[in-house]
Amino acid sequence: MQNEVNAEVIALCITGGKITGQILVSVLKKFLDAKKTVVSHGKQTLKKLMAQNCQLSNIEVTDGNIKSFEKYARKYNMDFSLKKDTSVSPPRYFVFFKARDADIMTAAFKEYTRKEFNKEKSPPVKEKLEQSKERAAKHREMERVKQRERGPEH
């Protein structure tokens with residue numbers, strides 16, 4: 001907890017003859033507003049991403065997996081923008097990201113594809129539940145048969 005608090009310590013220097021509480025409040029508000037505009041991470045507009053003065057790269061994704069990919073992009077703390085190209089039918093979707101984050105994007109995309117591939121291989125939860133119910137019913141039936149074979153003494 002202490003490390004988290006220390007990470008947020010800032011230094012602010014104000015020079016003046018007479019500093020009132022109102023002046024201090026207005027200076028702190030301006031400082032916090034400036035901090036908000038400078039730092040923006042995660043999903044953002046393409047305009048904001050381009051305003052960060054860095055080279056951009058992009059990859060194409062399908063419509064069905066845009067939302068699920070965002071989860072992994074946030075996990076890897078990537079700055080990215082989603083854009084829909086409606087000039088073609090069906091529309092194409094592009095993920096724009098900073099070129100220097102290409103390694104991060106590769107790692108996020110690898111994890112995303114691995115998880116999606118495993119989802120396709122594993123049976124749905126309903127099927128697993130039905131199989132478990134069937135096994136439990138068979139087990140109960142076997143217990144009843146064993147009980148009958150032992151007789152009433154046991």
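As a convention, each chain's residues are numbered from 1 in the sequence order in which they are written. In keeping with the predicted nature of the model, local features appear solely for residues at pLDDT of at least 70, side-chain atom pairs appear and are counted solely at 80 or more, and the whole-chain, interface and lining totals rest on all residues. Side-chain metrics in this entry use all non-hydrogen atoms of the structure; hydrogen atoms and water are not considered.

Asks: Requested: an account of the pattern of salt bridges, with residues and values cited.
Replies: Salt bridges are defined as contacts in which a side-chain nitrogen from Lys or Arg sits within 4 Å of a carboxyl oxygen from Asp or Glu. Tallying each qualifying case throughout the model produces four salt bridges. With its nearest N and O atoms 2.6 Å apart, the salt bridge here joins E111 to K75. With E111 in helix α5 (residues 102-121) and K75 in helix α4 (residues 66-75), this residue pair connects regions lying 36 residues apart in the sequence. In this scheme, a residue with accessible area under 20% of its type's maximum is buried, one over 50% is exposed, and one in between is partly exposed, where area comes from a 1.4 Å probe on protein chains only. Since its relative accessible area comes to 8%, E111 is described here as buried. Numbering goes from the N terminus for both helices and strands, where a helix is a DSSP run of H or I of at least four residues and a strand is a run of E of at least two.

Asks: Go over the sheet that holds strand β2 (residues 80-85), please, and point to the residues and values.
Replies: We call two strands paired when DSSP finds no fewer than two bridges between them. Strand order in the open sheet made by the three strands is β1-β3-β2, with antiparallel pairing throughout. Unpaired on one side and paired on the other, β1 (56-61) and β2 mark the two borders of the sheet. With strand direction ignored, the average angle separating the axes of adjacent strands in the sheet is 25°. As paired strands, β2 and strand β3 (residues 92-98) are joined by six bridges and run antiparallel to one another. Note that in β3 the partner of F80 across the bridge is F97. Note on contacts: a residue pair is in contact if any heavy atoms of the two residues lie within 4.5 Å. Helix axes are fitted to C-alpha atoms over the stretch in contact, other axes to C-alpha atoms as well, and angles between N-to-C directions run from 0 to 180 degrees. The sheet strands contacting α4 are β1, β2 and β3, and the helix crosses β2 at an angle near 165°.

Asks: Residue-level account of the packing of aromatic side chains, with values.
Replies: Each Phe, Tyr or Trp ring (for Trp, its six-membered ring) is paired with any other whose centre lies within 6.5 Å, and the angle between the two planes then decides the class: stacked below 30 degrees, edge-to-face above 60, tilted in between. Considering all chains together, one arrives at two aromatic pairs under this definition. Taking 5.8 Å as the distance between ring centres and 65° as the angle between the ring planes, the aromatic pair formed by Y72 and Y112 counts as edge-to-face. Highlighted residues: Y72 in helix α4 and Y112 in helix α5, separated in sequence by 40 residues. Both residues of the pair, Y72 and Y112, belong to the buried class.

Asks: How would you sum up the pairing of β3? Please name residues and give values.
Replies: Taking burial as the measure, the seven residues of β3 include six buried ones, the bulk of the element. Where β1 and β3 come together, six bridges link them in antiparallel fashion. Residue pairing across strands places N58 opposite F96, the latter belonging to β3.

Asks: Run through unusual backbone geometry, naming residues and quoting values.
Replies: Residues apart from glycine generally show negative phi values, whereas peptide bonds are mostly found in trans. Across the junction of S89 and P90, the peptide omega takes the value -5°, indicating a cis bond. Within the fold, P90 resides in the loop between β2 and β3. With a phi close to 55°, N77 is a non-glycine residue in the positive phi region. Here N77 lies in the loop between α4 and β2.

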